[in-house]
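Here is what each chain is made of, one letter per residue.
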Amino acid sequence: MGRPRILILGGTSEARLLAEALAARDDCDVLLSLAGRTEKPATQPVPVRIGGFGGAAALADFLKAGGYDLLIDATHPFAERISANAAFAAETTGIAAIALRRPEWQRRPGDRWREVRSIPEAIEALGPSPRHVFLATGRQGAHYAQVAPQHHYLVRSVDPIEPPLALANVEYILERGPFTLEGECDLLRQHDIDAIVAKNSGGAATYAKIEAARLLGIEVMMVARAPASAVTTVDTVEAALAAIDHLFPPAMKRGV
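Under the annotation held in an unreviewed UniProt entry, the chain carries the name Cobalt-precorrin-6A reductase and is attributed to Rhizobium changzhiense. As recorded by UniProt, the Pathway (unreviewed entry) comment attached to the chain reads in full: "Cofactor biosynthesis; adenosylcobalamin biosynthesis."

(A) Highlighting the sheet that holds strand β10 (residues 195-199). The sheet built from six strands is open, its strands ordered β6-β11-β10-β7-β8-β9 with parallel pairing. Single-partner strands in this sheet number two, and they are β6 (112-116) and β9 (170-174). Neighbour to neighbour, the strand axes of the sheet diverge by 20 degrees on average, direction disregarded. Bridging between β6 and strand β11 (residues 219-223) involves five bridges; their strand directions are parallel. Directly across from E115, in β11, lies its bridge partner M222. Lying over the sheet, helix α5 (residues 181-190) contacts β7 (132-136), β8 (152-157), β9 and β10, oriented at roughly 150 degrees with respect to β8. Along the sheet, helix α6 (residues 208-216) contacts β6, β7, β8, β10 and β11; its crossing angle with β10, the most-contacted strand, is approximately 150 degrees.

(B) Representation of the sheet that holds strand β4 (residues 70-73). One open sheet accounts for six strands, arranged β3-β2-β1-β4-β5-β12; its pairing is parallel. Strand pairing shows two members of the sheet lacking a second neighbour, β3 (48-50) and β12 (233-234), which therefore form its edges. In this structure, strand β1 (residues 5-9) lies alongside strand β2 (residues 29-34), joined through five bridges in parallel fashion. From the neighbouring strand, L7 faces β2, where its bridge partner is L31. Against the sheet, helix α2 (residues 56-66) touches β1, β2, β3 and β4, its axis set at about 155 degrees to β1. Against the sheet, helix α7 (residues 237-247) makes contact with β1, β4, β5 (96-100) and β12, and its axis sits at roughly 170 degrees relative to β5, the strand it touches most.

Definitions and cut-offs
Residues numbered from 1 in each chain as written. Predicted model: local features only at pLDDT ≥ 70, side-chain atom pairs only at ≥ 80, totals over all residues. Heavy atoms only, no water. UniProt positions renumbered as here; feature names shortened; annotations may be inferred. Pairing = 2+ DSSP bridges. Helix = DSSP H or I, 4+ residues; strand = E, 2+ residues; numbered from the N terminus. Axes fitted to C-alpha atoms, helices over the stretch in contact; angles between N-to-C directions. Contact = heavy atoms within 4.5 Å.

Laid out in structure tokens, this is it:
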């Protein structure tokens, strides 16, 4: 067997770091696939394709046509559809698959979390009385806030929300993490935030808002992740590299 061909479904910092590590090793051929939802994606260390596949069956066809040996799902923990498609494609093609998922944030003393199953449930949990809400779910779920126009919203996303929300009291911030604890505390104080809507994404890049909420006694509507797929899951780049070496030992990759 020669150099294994690996398709990484990316869009996360973990996907970029994994691609970077594999590029440095130079013992496999890697393609990183991005959904194209971010207008200005970060520079990547390996060849990149942009855009969706058109469903699970189309992804399976892409894997077979490209002669891929391994599929790595390193998408966002809340990208449930593509993760389900990846699991289906791996099963139907018989290609090995790994999911790289950063661990969830864990509740700590002082956290005022209300765990909910979805963004609509989080918006409903804010209650009928007007509140100052930091909507930190990204642009994909921001439109759900329109059903509760009584609140004042501060919305942060990497790209602009188009079309803008049909709300009278809304401000937008265009920023990409990582964020600092000091900066997040200043932001929450400046806008008199008394509630945060956030997804339990895990990782360090956006955790500062959760720390800031803890310090300032702010309630967090924490959207829980969907159940994990059946694909073998690892939670660090190092564990993913070890899994790849297990599947394709160095001697095998050299054709020994």
